[in-house]
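The lines below spell out each chain.
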Amino acid sequence: MARLVECIPNFSISKEKNEEGFNELVAVAQSEPGVTLLDAQTDGNHNRSVFTMVGTPEGIEEVMVKLGKKAAELIDMNHHKGEHSRMGATDVVPFVPTQGVTVEDCIELSKRVAKRFWEELGIPSFLYEDSATVPERRNLATCREGQFEGMPEKLLRPEWAPDFGERKIHPTAGITAIGARPPLVAFNVNLATSDVTIAKKIAKTIRAKNGGFKCCKAMGFMLEDRGIAQVSMNLVNYEETSIYIVYETIKTLAERYGTYAVGCELVGLCPAKALLDCAEFYLKLENFDAFNQCMEYHLLAE
């Protein structure tokens, strides 16, 4: 059985604002033997791209260092603007165990990549999620607080020395969060309003750190090109906190503020079970068994 790791790096660049640079990153992601680029999503409002790759641990390590180098060449964070929080050209690099690979394997992979980012590229990093060296660094949002602009001052605080690198950011590429984590669902809900304060209020209500859903990280953004507000989420454990639960809650809260949901979007790839859970809920399926009743699972098992 092949050993496979999923890697979902986020870059502070978008095709809408820098198509040539985006295409160069795609070319690098497609260049490494043993690695397949499954998806490359980009968003001009967030000025951000999310790649989904799967490959051998060795191939993923090599392509990630090459991507980090290319992103540093292409992106100057001193001139980067976007709705999404960010602290580096390669902003975050998660590794997810997929087949024949353990969480511990991904933790060691994250440390190797972080070490090479510093030694070969001069980019410092925090280890986050399952790779975190202290509990405070498990949460990506905590690592990213201050963003690129506030990071030089943050790194001087005793508790925020990088896990790899000196107490200073790369002058143009910033700092990167690197770590192992379980699969998550990046899920956004768009609202029929241009009032971004409504999206921010909803996000504050549903996110875990404010007493909302246990495994939900959420922020409110404005999609300038569409003139509407968005509730943007990461569901870090979709079985603990499902898509349909947060969606139904957002719909109710939106009505409370005199608006409604006009649509949703997934960022990157999503585990099939997360969507099948929605089908079971909305169709009110009785005694549903996804693995035995979905034809594709039978075909994959052949």
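The preceding data block contains the structure.
Because the structure is a prediction, the values reported are computed rather than measured. (Residues numbered from 1 in each chain as written. Predicted model: local features only at pLDDT ≥ 70, side-chain atom pairs only at ≥ 80, totals over all residues. Heavy atoms only, no water.)

### Points about the sheet that holds strand 10 (residues 228-235)
Here's step 1: Strand order across the open sheet formed by four strands is 9-10-8-11, with antiparallel pairing between neighbours. Edge positions in the sheet fall to strand 9 (216-223) and strand 11 (261-267), since each has one partner strand and no second. Averaged over neighbouring strand pairs, the angle between their axes works out to 20° when direction is ignored.
Here's step 2: The strands touched by helix 6 (residues 196-206) are strand 8 (185-191), strand 9 and strand 10; relative to strand 9, the strand with the most contacts, the crossing angle is about 180°.
Here's step 3: Here helix 7 (residues 243-256) sits on the sheet in contact with strand 8, strand 9, strand 10 and strand 11, set at roughly 20° to strand 8. (Pairing = 2+ DSSP bridges. Helix = DSSP H or I, 4+ residues; strand = E, 2+ residues; numbered from the N terminus. Axes fitted to C-alpha atoms, helices over the stretch in contact; angles between N-to-C directions. Contact = heavy atoms within 4.5 Å.)

### What about the side chain of Glu61?
Here's step 1: Locating Glu61 in the fold gives a position in helix 2 (residues 57-74).
Here's step 2: Among the polar contacts made by the side chain of Glu61, one reaches the side chain of Arg116 at a distance of 3.2 Å.
Here's step 3: Contact partners of Glu61, with chain neighbours within four places excluded, come to Leu109, Arg112, Val113 and Arg116. (Polar contact = N/O pair within 3.5 Å; in protein donor to acceptor, adjacent residues only side chain to side chain.)

### Side note on the nonpolar core
Here's step 1: Judged by nonpolar contacts, the single largest core of 50 residues is most densely connected at Met53, Met64, Leu67 and Phe95.
Here's step 2: It is helix 3 (residues 103-121) that provides the largest number of residues to this core, a total of seven residues.
Here's step 3: Not counting residues up to four positions away in its chain, the partners in contact with Met64 are Cys7, Pro9, Phe11, Met53, Thr90, Val93, Phe95, Val113 and Phe117. (Core = buried A, V, L, I, M, F, W, Y, C linked by side-chain atoms within 4.5 Å. Buried < 20%, exposed > 50% of the residue type's maximum accessible area, 1.4 Å probe, protein only.)

### A word on the pairing of strand 3 (residues 35-43)
Here's step 1: As paired strands, strand 3 and strand 4 (residues 48-55) are joined by eight bridges and run antiparallel to one another. Residue pairing across strands places Thr36 opposite Val54, the latter belonging to strand 4.
Here's step 2: Linkage of strand 3 to strand 4, two consecutive antiparallel strands, is achieved through a turn of four residues, within which Asn47 is found at a positive phi near 50°.

### Section: the side chain of Thr259
Here's step 1: Residue position: Thr259 is located in the loop between helix 7 and strand 11.
Here's step 2: Within the structure, Thr259 has its side chain in polar contact with the backbone oxygen of Ala192 (distance 3.1 Å).
Here's step 3: In this view, Thr259 contacts Leu191, Ala192, Thr193, Ile198 and Ala254; residues no more than four positions away in its chain are not counted.

### A short note on the pattern of salt bridges
Here's step 1: Under the defined criterion, the tally for this structure stands at 23 salt bridges.
Here's step 2: We note a salt bridge from Lys70 to Glu24, for which the minimum N-O separation is 3.4 Å. Here Lys70 is found in helix 2, whereas its partner Glu24 is found in helix 1 (residues 19-29), with 46 residues between them in sequence.
Here's step 3: Overlapping salt bridges bring together Glu61, Glu62, Arg112, Arg116 and Glu120 as one network. (Salt bridge = Lys/Arg side-chain N within 4 Å of Asp/Glu carboxyl O.)

### Some points on the packing of helix 7 against helix 8 (residues 272-283)
Here's step 1: Look at helix 7 against helix 8: their axes get within 8 Å of each other, and the N-to-C directions meet at 60°. Our classification of the angle between helix 7 and helix 8 gives oblique. Touching Ile243, Tyr244, Tyr247 and Glu248 of helix 7 are Ala274, Leu275, Asp277, Cys278, Phe281 and Tyr282, all from helix 8.
Here's step 2: Its residues placed into classes, the contact of helix 7 with helix 8 shows eight nonpolar, no polar and two charged. (Parallel < 35°, antiparallel > 145°, perpendicular 65-115°, else oblique. Nonpolar A, V, L, I, M, F, W, Y, C, P; charged D, E, K, R; others polar.)

### Let's talk about the packing of aromatic side chains
Here's step 1: Within this structure, the stated rule accounts for five aromatic pairs.
Here's step 2: Seen from their ring centres, Phe22 and Phe51 are 6.0 Å apart, and the 90° between their planes marks the pair as edge-to-face. Remark: Phe51 occurs in strand 4 and Phe22 occurs in helix 1; sequence separation between them is 29 residues.
Here's step 3: Phe51 gets classed as buried once you look at its relative accessible area, which sits at 0%.
Here's step 4: When the centroid spacing of 5.2 Å and the interplanar angle of 70° are considered together, the rings of Phe126 and Trp160 count as edge-to-face. Separated by 34 residues along the polypeptide, Phe126 in strand 6 (residues 125-129) and Trp160 in the loop between helix 5 (147-154) and strand 7 (176-180) bring together distant segments of the chain.
Here's step 5: On the basis of relative accessibility, which here comes to 0%, the residue Phe126 falls in the buried class.
Here's step 6: Using a relative accessible area of 5% as the deciding quantity, one classes Trp160 as buried.
Here's step 7: Through pairs of rings, three or more aromatic residues link up here, namely Phe11, Phe22 and Phe51.
Here's step 8: One Lys or Arg, Lys154, reaches over the ring of Trp160 and ends 4.1 Å from the middle of that ring. (Phe/Tyr/Trp six-rings, centres within 6.5 Å; stacked < 30°, edge-to-face > 60°. Lys NZ or Arg CZ within 6 Å of the ring centre and 35° of its normal.)

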